[in-house]
Amino acid sequence: MTNRQKPTRWWAELLLLGLVYGAYTGGRLLARGDVHLAVGHGLSILRAEELLGLDFERPLNRLFSRQGLLGIPADFVYASLHYLVTPAVLVWLYLRRPQHYRSARTWLVVSTLLGLVGFTLMPTCPPRLLDAAQGFTDTMAQYSAYGWWGAEASAPRGLGGLTNQYAAMPSLHVGWALWCGVLLWRHGRHPLLRGLGIAYPAVTALVVMGTANHYFLDAAAGAAVMAAGYAITRRPPARAARPGARPGAQPGARPGVRAAGFRGTAPIVSGGWDTSARELLPAQRPAPDDDTAAAAR
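Residues numbered from 1 in each chain as written. Predicted model: local features only at pLDDT ≥ 70, side-chain atom pairs only at ≥ 80, totals over all residues. Heavy atoms only, no water.

Description of the overall build of the protein
When its secondary structure is counted, the protein shows 10 helices and 0 strands. Reading the secondary structure of the protein in the N-to-C direction produces α-α-α-α-α-α-α-α-α-α. Accessible surface computed for the protein: about 18000 Å², of which carbon and sulfur atoms make up 63%. (Helix = DSSP H or I, 4+ residues; strand = E, 2+ residues; numbered from the N terminus. Areas by Shrake-Rupley, 256 points an atom, 1.4 Å probe, with all protein chains shown as cover.)

Quick look at the pattern of salt bridges
Two side chains of opposite charge can pair, provided their charged atoms sit close to one another. According to the stated counting rule, one finds 3 salt bridges in the structure shown. Salt-bridge contacts for Arg58 lead to Glu50; the nearest nitrogen and oxygen are separated by 2.6 Å. Take Glu50: its relative accessible area is 38%, and that puts it in the partly exposed class. Asp55 is the salt-bridge partner of Arg58, the closest N and O atoms lying 3.5 Å from each other. For the pair shown, Arg58 and Asp55 are each scored as buried. Salt bridges sharing partners connect three or more residues here, namely Glu50, Asp55 and Arg58. (Salt bridge = Lys/Arg side-chain N within 4 Å of Asp/Glu carboxyl O. Buried < 20%, exposed > 50% of the residue type's maximum accessible area, 1.4 Å probe, protein only.)

Notes on the packing of aromatic side chains
Inspection of the entire model under this criterion finds 7 aromatic pairs. Through a chain of ring-to-ring contacts, three or more aromatic side chains come together here, namely Phe76, Trp148 and Trp149. The ring centre of Trp185 lies 3.8 Å from the NZ or CZ of Arg194, which sits over that ring. (Phe/Tyr/Trp six-rings, centres within 6.5 Å; stacked < 30°, edge-to-face > 60°. Lys NZ or Arg CZ within 6 Å of the ring centre and 35° of its normal.)

Overview of helix α7 (residues 172-187)
Taking 1.5 Å per residue, 16 residues should reach 22 Å; α7 reaches 22 Å between its end C-alpha atoms and fits that length. Looking only at α7, the buried set comprises Leu172, His173, Val174, Gly175, Trp176, Ala177, Trp179, Cys180, Gly181, Leu183, Leu184 and His187. (Expected span 1.5 Å × (residues − 1).)

A few points about unusual backbone geometry
Following Met169, the chain continues to Pro170 via a peptide bond in cis, the omega torsion being 0 degrees. Counting through the fold element by element, Pro170 comes out in the loop between α6 (139-142) and α7. Of note in the backbone geometry, Ala212 takes a positive phi value of approximately 65 degrees without being a glycine. Tracing the backbone through its elements, the reader meets Ala212 in the loop between α8 (191-210) and α9 (216-233). Of the residues examined, Ala212 reaches a relative accessible area of 0% and is grouped as buried.

Concerning the environment of Leu63
With respect to the helices, strands and loops of the structure, Leu63 is situated in helix α3 (residues 57-66). When its relative accessible area of 40% is taken as the criterion, Leu63 is described as partly exposed. Sequence-wise, Leu63 and Thr211 are 148 residues apart; in three dimensions their C-alpha atoms are separated by 9.6 Å.

Some details on empty space enclosed by the protein
Enumeration according to the criterion identifies 1 cavity of 30 Å³ or more in this entry. If you add up the space inside the largest cavity, you get close to 40 Å³. Lining the largest cavity, in full, are Val77, Tyr78, Leu81, His82, His173, Tyr200, Thr204, Val207 and Val208. Counting only elements with at least two residues in the lining of the largest cavity, the list comes to α4 (68-96) and α8. (1 Å grid on protein atoms, 1.4 Å probe; cavity = no way out; pocket = protein on both sides within 12 Å on 5 of 7 lines; lining within 4 Å. Points joined across faces, edges and corners; volume = space filled by probe spheres on them.)

Let's talk about the confidence of the model for the protein
Interpretation of this model should avoid reading the predicted coordinates in detail wherever pLDDT is low. Per-residue confidence for the protein gives a mean pLDDT of 79; residues scoring 70 or more make up 66%. Here residues 247-275 is modelled with pLDDT under 50, and outside its nearest four sequence neighbours on either side it reaches 32 contacts, counting other chains as well. (pLDDT = per-residue confidence, 0-100. Contact = heavy atoms within 4.5 Å.)

Let's talk about the environment of Ala223
Its location among the elements puts Ala223 in helix α9. In sequence terms Ala223 and Gly175 are 48 residues apart; their C-alpha atoms lie 5.1 Å from each other.

Let's talk about a nonpolar patch on the surface
A grouping of Val117, Leu121 and Met122 is seen on the molecular surface, where their side chains present a nonpolar patch of about 280 Å² in accessible area. Mapped onto the elements, Leu121 comes out in helix α5 (residues 98-121). By relative accessible area, which is 68% here, Leu121 ends up exposed. (Patch = residues over 30% accessible without salt bridge, like charges linked within 9 Å, V, L, I, M, F, W, Y side chains within 5 Å.)

Brief notes about α9
Over its 18 residues, α9 extends 26 Å from the first C-alpha to the last, a length consistent with the 26 Å expected when each residue adds 1.5 Å. All of the buried residues along α9 are Asp218, Ala219, Ala221, Gly222, Val225, Met226 and Gly229. Looking down the long axis of α9, one finds its buried residues gathered within 160 degrees of arc, a one-sided arrangement. In this structure, the buried residues of α9 make contact with α2 (35-52), α5 and α7. (Arc of directions from axis to C-beta.)

As for the packing of α4 against α8
Relative to each other, α4 and α8 sit at 145 degrees, their axes nearing to 11 Å. Between α4 and α8 lies a crossing whose hand is left-handed. Along the contact surface, α4 presents Ala74, Val77, Tyr78, Leu81, His82, Val85 and Trp92, while α8 presents Leu193, Tyr200, Val207 and Val208. For the contact of α4 with α8, a count of residues per class yields 10 nonpolar, 1 polar and no charged. (Axes fitted to C-alpha atoms, helices over the stretch in contact; angles between N-to-C directions. Left-handed = near helix turned anticlockwise from the far one by under 90°. Nonpolar A, V, L, I, M, F, W, Y, C, P; charged D, E, K, R; others polar.)

Encoded structure:
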């Protein structure tokens, strides 16, 4: 008899995810560090990227700030899809791929909590809040007339105090997008879903850098957090028992040959090889038929 997974109640899942997101949001606010420390971390990341030639956010931000046809849609993507696509993928899994829902949900929760640890240990100033001498433009503020946000990240106007603007490392925008992309690629059956699984994380990474909300290393850290969460929650599948196998039998062992006039089975010898007729006592060997006896003579 196979063990059936208990049905997942939608209201319990909604309550759990609401509690986790509430704790995450509250943790972000409590993790506000010293502004000078956050600015120092941001400058250190930027110098490291310059040394390694990884400061991709600079040219992207210049492009997005000069071309409104790129910058305005990017601001909308940054301010909205993070909060729409992730719940949509969770609902899709719950309804269409329920056998994969629990493991995916646990992976997301654990990775999010790991990200919260990163915000606490390393408060980081995003590029848009650095001194103007660093050459970054806050596109959210530049194009704020087109959206609901103001000059404080993607928070609605007047609600900037409800967000931690120095929680740039790691980028959970990228982390959550990668989570969505992996699940759409693995469990999507339509080519369009699998294509979105590739495009969504890539577009998100470009957007968070082009809008000057994250450094490239923030994006890389977001991917690393998701990989760590996956490693923590991943469990090797249990080996299924063979039909008809005796309890306590060694995996791969072959049943012994039943001997004539001998109850039970013959002992297993030679690491799983069946006992041959020649290894039995003469009284235990089966009587050969006439053709076999003639051939022996």
